[in-house]
Amino acid sequence: MTQVSPIHILGISGSLRDASYNTSLLLAAAELLPPETTLEIIDLADLPMFDVDMEKPLPEPVAWFREKVARADAVLISTPEYNSSISGVLKNALDWGSRAPEPPFYGKPVAIMGASTGIFGTARAQVQLRQVLTHLGALVLPKPEVMVPKAQEVFDETGRLTSETTRGFLQDLLIKLADWTKRVNN
């Protein structure tokens, strides 16, 4: 019998905040993974601001980030919405990834989600993120969409996702990402 390797998903939060709802959303995803999947959540705090003059020699945090994305079978991005757009830290990471000789997002299955304290969730940020990822050649999962509005009402004071409805949406996204990754990689 052939042993199937688990699907390794790289989780990226577009927020650096200590009590980030988007990092908490990724932590909830780690609890809801389908069988034969793993999730590794990384922090973007060490990435320097993108600057073409810094590409040679390449800063170690940038090489590390590119390698993490390249080695992952799929990527799960949780984006906040700042001023109707994605965060600067997330855009910065994507810019660094785009400049690699072999861009790590190209052909990579990616799912996006997000949490915000506003009533629209992260609808506008996700549209823009989808546009950027498509430009990078990522294979963005079209559905389902997970946009968590009024995040302060669905996460408790410890950052645990308490809404069973939202947990259900998140679990469905993870199942679809695993299926999407199998289809893309075959």
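Residues numbered from 1 in each chain as written. Predicted model: local features only at pLDDT ≥ 70, side-chain atom pairs only at ≥ 80, totals over all residues. Heavy atoms only, no water.

Asks: Any chance you could explain the overall build of the protein chain here in plain terms?
Replies: Summing up its helical and strand segments, the protein chain has 5 helices and 6 strands in all. Taken from the N to the C terminus, the helices and strands of the protein chain come in the order β-α-β-α-β-α-β-α-β-β-α. Taken over 186 residues, the protein chain has a buried fraction of 47%. In the protein chain, once contacts between residues fewer than 6 apart in sequence are set aside, the share between residues at least 24 apart is 79%. Carbon and sulfur atoms provide 53% of the accessible area of the protein chain, an area that totals close to 9700 Å². The protein chain carries 17 positive and 22 negative side-chain charges, and their two centres are separated by 6 Å. (Helix = DSSP H or I, 4+ residues; strand = E, 2+ residues; numbered from the N terminus. Buried < 20%, exposed > 50% of the residue type's maximum accessible area, 1.4 Å probe, protein only. Contact = heavy atoms within 4.5 Å. Areas by Shrake-Rupley, 256 points an atom, 1.4 Å probe, with all protein chains shown as cover. Lys, Arg positive; Asp, Glu negative; His and termini not counted. Charge placed at Lys NZ, Arg CZ, Asp CG, Glu CD.)

Asks: How should I be thinking about unusual backbone geometry in this particular structure?
Replies: Excluding glycine, most residues fall at negative phi; most peptide bonds, likewise, are trans. Pro57 follows Lys56 through a cis peptide bond whose omega is -5°. Tracing the backbone through its elements, the reader meets Pro57 in the loop between strand 2 (37-42) and helix 2 (60-71). Note the cis peptide between Lys143 and Pro144, where omega equals 0°. The residue Pro144 is located in the loop between strand 5 (139-140) and strand 6 (146-148) in this model.

Asks: Where do I start with the packing of helix 3 (residues 88-98) against helix 4 (residues 123-135) in this structure?
Replies: Helix-helix packing is described using two parameters, namely the angle between the two axes and the distance between the axes. Helix 4 packs onto helix 3 with a crossing angle of 10° between their chain directions and a minimal axis gap of 11 Å. Between helix 3 and helix 4, the angle is such that the two are roughly parallel. Within the contact between the two elements, helix 3 uses Leu90, Lys91 and Leu94 and helix 4 uses Leu129, Val132 and Leu133. Residue composition of the contact of helix 3 with helix 4, by class: 5 nonpolar, no polar and 1 charged. (Axes fitted to C-alpha atoms, helices over the stretch in contact; angles between N-to-C directions. Parallel < 35°, antiparallel > 145°, perpendicular 65-115°, else oblique. Nonpolar A, V, L, I, M, F, W, Y, C, P; charged D, E, K, R; others polar.)

Asks: Help me understand helix 4, please; the structure alone is not making it clear to me.
Replies: An α-helical segment advances 3.6 residues per turn. Residues three or four places apart therefore align on the same side. With 13 residues, helix 4 ought to run about 18 Å at 1.5 Å a step, and its terminal C-alpha atoms sit 19 Å apart, in line with that. Looking at the buried positions of helix 4, the neighbouring elements they touch are strand 3 (74-78), helix 3, strand 4 (109-115), strand 5 and strand 6. Note on helix 4: the residue one or two positions beyond its end, Gly137, has a positive phi of about 90°. (Expected span 1.5 Å × (residues − 1).)

Asks: Looking at this model, I keep getting lost on the packing of aromatic side chains. Mind explaining?
Replies: Given two aromatic rings, their pairing is described by the distance between the two centres and the angle made by the two planes. Scanning all chains against the criterion turns up 3 aromatic pairs. If you follow Arg17 out to its NZ or CZ, it ends over the ring of Tyr21, 5.1 Å from the centre. (Phe/Tyr/Trp six-rings, centres within 6.5 Å; stacked < 30°, edge-to-face > 60°. Lys NZ or Arg CZ within 6 Å of the ring centre and 35° of its normal.)

Asks: Just to check I follow, could you spell out the side chain of Thr166 for this structure?
Replies: Tracing the backbone through its elements, the reader meets Thr166 in helix 5 (residues 164-185). Engagement of the side chain of Thr166 in a polar contact is seen with the side chain of Ser163, the distance being 3.0 Å. (Polar contact = N/O pair within 3.5 Å; in protein donor to acceptor, adjacent residues only side chain to side chain.)

Asks: Looking at this model, I keep getting lost on the environment of Leu174. Mind explaining?
Replies: Relative to the assigned elements, Leu174 resides in helix 5. Discounting residues that sit within four places of it in the chain, Leu174 has contacts with Ala29, Leu32, Leu33, Pro34 and Leu76.

Asks: Before we go on, may I ask you to explain the pattern of salt bridges in this structure?
Replies: Once their charged atoms are close, side chains differing in charge can pair, the charge on each being opposite to the other. Applying the stated criterion across every chain, the model contains 8 salt bridges. Lys143 serves as the salt-bridge partner of Glu145, at 3.9 Å between the closest nitrogen and oxygen. With relative accessibility at 41%, the residue Glu145 sits in the partly exposed group. Residue classification places Lys143 among the exposed residues on the basis of a relative accessible area of 55%. (Salt bridge = Lys/Arg side-chain N within 4 Å of Asp/Glu carboxyl O.)

Asks: Teacher, can you tell me more about the environment of Gly118 here?
Replies: With respect to the helices and strands, the residue Gly118 is situated in the loop between strand 4 and helix 4. Classification of Gly118 as partly exposed rests on a relative accessible area of 28%. Note: C-alpha distance between Gly118 and Glu81 (37 residues apart in sequence) is 8.8 Å. What Gly118 contacts, discounting residues up to four positions off in sequence, is Pro149 and Lys150.

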